[in-house]
Amino acid sequence: MDLVKRYSIYHFKKTLIRFAVILLYCLVVVNFGVHNSYDSWDGTTYHYFSLSCYGVSMLLMCFVAAVMEFSEFKNRRNLDSWFSFPLDRWKIALIHFVNGAVEIIVAHTLSFILGYCKILPFVKECDLDMKGMLPMFFLILIMGLCYYGLLIFPFIIANNVFDGIFFAVLYSIIPTILISIIVEAFGIRRLSEYSSGLAYSLIDEAGRCEDNLTRKMYDWGDNRYEALKGGDIASIVIWCIIGAALFVAAVYMFNNLKTEKVGGPSDSIFGYRTLIPILMISLVLLWGGTFGFGIIYGIATFLLYVVLRRGVKLKIPDIIIIAVVTILANIPVNYVYEFSELIGTNTWDV
Amino acid sequence: MIKIEGLSHSFGDNKVLEDVELEIGDKKVLGLVGINGAGKSTLLRLISGVYHPQTGKVSYDGNDPLKDETRRNLFLLPDDPYFNGQTTCKSLIEMYKVFYPEVDEEVFKEIINDFKLPWKKPLRTFSKGMRRQAFVALAFAVAPKYLLLDEAFDGLDPLARKKFKDRLSKLVKEKGSTVIISSHSLKELEDFCDEFVMIDEHHLISSGKVLEKTMDLFKYQLAFKEIPTEETFAALSVKSIKITGRVATVVCEGEAGEIEEKLNALDPLILDKLDVNFEEAFIGDIDRKLRGGES
């Protein structure tokens, strides 16, 4: 048996307990989330169905899988052994990725079956439309795997577990903030319907499937697949491509990892150095400035840099960013609104 | 053969190794010495492919250690090897069996039993010395063509050291392995290495065969009526000298009869011949190099 196969089996066995915990978590979420009912005072039983629980459990499962699969490479001592083993780094990364993906696929499949079984007895009674369930299964799974691939990149570029988790959170929320700015600044309201970032879309798509399930039961669902436009599909495809591309970049980074830097502060250009300015300036632009109150943004930026530098000894570019954020945040201007007014794309007053 | 050519490595502004050149022949045991922080572990990590060289290259019979096929013949035992909270001797050998299918489990068990190490107890409950014994046992069980040991014998008790040294000799003789072993103390290595290199000020500054060196060296202790100075011994090829009051201890290079004749000419009150150990020869050699003399 070749080494890749041997190590894959060994690693799978080694992570079985962790997998059992992830699986249990998913089953519990779906078991208590997918269907709820209560009897009203007049004896009527009301049923509630929620498929968003699949999006939520997938989101957390991807996060846990990415962190757990790659956290052992954030310890320099471990890497002495790992990187001297006769297995190429990219193969190790791939094995760990596949192991996490298998866990996600199995947990999602089993929780889907559980959810399906829980919904099935109410199909007739509640007039449920089950034909959207299977596409939902694949949609959430594919988006989930891409989100998992996307999360590995920030985790790999970080030099320690804390930074890895922090970067992964920022990589999940920053796209949503940036898309919101573009939507508001250029008046492209439809864009937010198409995409608000992969993490957000995961829950959003699960919500759409939920509306489909109950389309005959309720008539107010406005997020059904009848409303699915080419843009939605394009958005999902684009995010899947981004997720896959970031995963490929992560494997490349892992293959060329500077072992000696692991365990120390993260200095990647794709890490704090870029993420802090983008996050803080975006938030100021999105929410606008308030004289006096803006100091909070400055303090928050300062604290983020303290975390980055592991101390209060900041560098000149850090101080410049803190100053820019503080100044922008103290000017009482709604930047996005003013910009849209300036270029004539303001749709706020329409 | 392990060949290191023009190897340099820095951690940011901190230069660790500079233009290191070294060739280690097959079936040799090379001692790598240097003070703490000299760069021994960095050199071993570069040799094993854990670090990517910034400049220069390392090759094993012409093969790159960054390729997994090359690392099949290589085993690095770091000074603080990886294990998790649940790792036991049993799980350790199971893990290494995945990466090194030819590992001899019987050898591992034999050493573990020999040192009476618990088979199923977590390594975290072991003392530092016991953990080291378990990992050195692993290295012998893997028995690779190239064995890289980072301070592997440091801190072991004399009996364990003796047993491991015997196994190391057997490994070289029977399996034809090449071994690089690092230590901050030359004394730890002097009785079983064929050759030594020392890392100092980012460079490998001395190498050579132990026996050749010690055979040409002679150590004397002399007492004089007046306090001697280094100039007193100017006529001799002195490798190292220590003067304490009227007593001088000198290590000289050359032919014994000629050295003793020159020393007697200095009219000492007492002249005693002592045994030379390699550490003295080695340190003397480095002293001379640093002073700009020949080795």
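So, here's what we can say about the structure. Since the structure is predicted, the reported quantities are computational estimates derived from the model, not experimental observations. (Residues numbered from 1 in each chain as written. Chains lettered and ligands numbered in written order. Predicted model: local features only at pLDDT ≥ 70, side-chain atom pairs only at ≥ 80, totals over all residues. Heavy atoms only, no water.)

It is worth spelling out the sheet that holds strand S12 (residues 247-253) of chain B at this point. All names here are of chain B. Taken in spatial order, the 4 strands of this open sheet run S11-S12-S10-S13, and their pairing is antiparallel. Both edges of this open sheet fall to strand S11 (238-244) and strand S13 (270-274), since each of them pairs with a single strand only. When strand polarity is set aside, the average angle formed by the axes of neighbouring strands in this sheet is 15 degrees. Where S11 and S12 come together, 6 bridges link them in antiparallel fashion. Among the inter-strand pairings, Thr244 is bridged to a residue of S12, identified as Val247. Contacts from helix H9 (residues 256-264) reach strand S10 (217-223), S12 and S13 within the one sheet, and its direction differs from that of S10 by about 20 degrees. (Pairing = 2+ DSSP bridges. Helix = DSSP H or I, 4+ residues; strand = E, 2+ residues; numbered from the N terminus. Axes fitted to C-alpha atoms, helices over the stretch in contact; angles between N-to-C directions. Contact = heavy atoms within 4.5 Å.)

The subject of this paragraph is the packing of aromatic side chains. The geometry of an aromatic ring pair is captured by the separation of the ring centres together with the interplanar angle, meaning the angle of the planes. Residues and elements named next belong to chain B. Scanning the entire structure with this criterion turns up 41 aromatic pairs over all chains. When the ring of Phe108 is compared with that of Trp119, the centres are 5.9 Å apart and the planes differ by 55 degrees; the resulting orientation is tilted. Placement of the pair is Phe108 in helix H4 (residues 105-114) and Trp119 in the loop between H4 and helix H5 (128-142), with a sequence separation of 11 residues. According to the relative accessible area criterion, Phe108 is buried, its value standing at 0%. (Phe/Tyr/Trp six-rings, centres within 6.5 Å; stacked < 30°, edge-to-face > 60°. Buried < 20%, exposed > 50% of the residue type's maximum accessible area, 1.4 Å probe, protein only.)

As for its position among the elements, B:Tyr100 is in the loop between helix H3 (89-99) and H4. Spatially, the C-alpha atom of B:Tyr100 lies 21 Å from that of B:Phe164, the residues being 64 residues apart in sequence. Residues within four places of B:Tyr100 in sequence aside, it is in contact with A:Ser84, A:Phe85, A:Pro86, B:Arg71, B:Arg72, B:Leu74, B:Phe75 and B:Val142.

Residues and elements named next belong to chain A. On the surface, a cluster of nonpolar side chains totalling about 520 Å² of accessible area is made up of Trp90, Leu94, Val98, Val102, Val106, Leu110 and Ile113. Within the fold, Leu110 resides in helix H5 (residues 89-119). Judged by its relative accessible area of 37%, Leu110 falls in the partly exposed class. (Patch = residues over 30% accessible without salt bridge, like charges linked within 9 Å, V, L, I, M, F, W, Y side chains within 5 Å. Areas by Shrake-Rupley, 256 points an atom, 1.4 Å probe, with all protein chains shown as cover. Salt bridge = Lys/Arg side-chain N within 4 Å of Asp/Glu carboxyl O.)

Residue and element names in this part refer to chain A. The final tally for this structure, using the stated rule, is 21 salt bridges over all chains. The residue Asp163 makes a salt bridge to Arg310 at a minimum N-O spacing of 3.3 Å. Here the residue Asp163 occupies a position in helix H8 (residues 161-186), and Arg310 occupies one in the loop between helix H13 (295-309) and helix H14 (316-330), the gap between them amounting to 147 residues. Taking the relative accessible area as the measure of exposure, Asp163 reaches 0% and is therefore buried.

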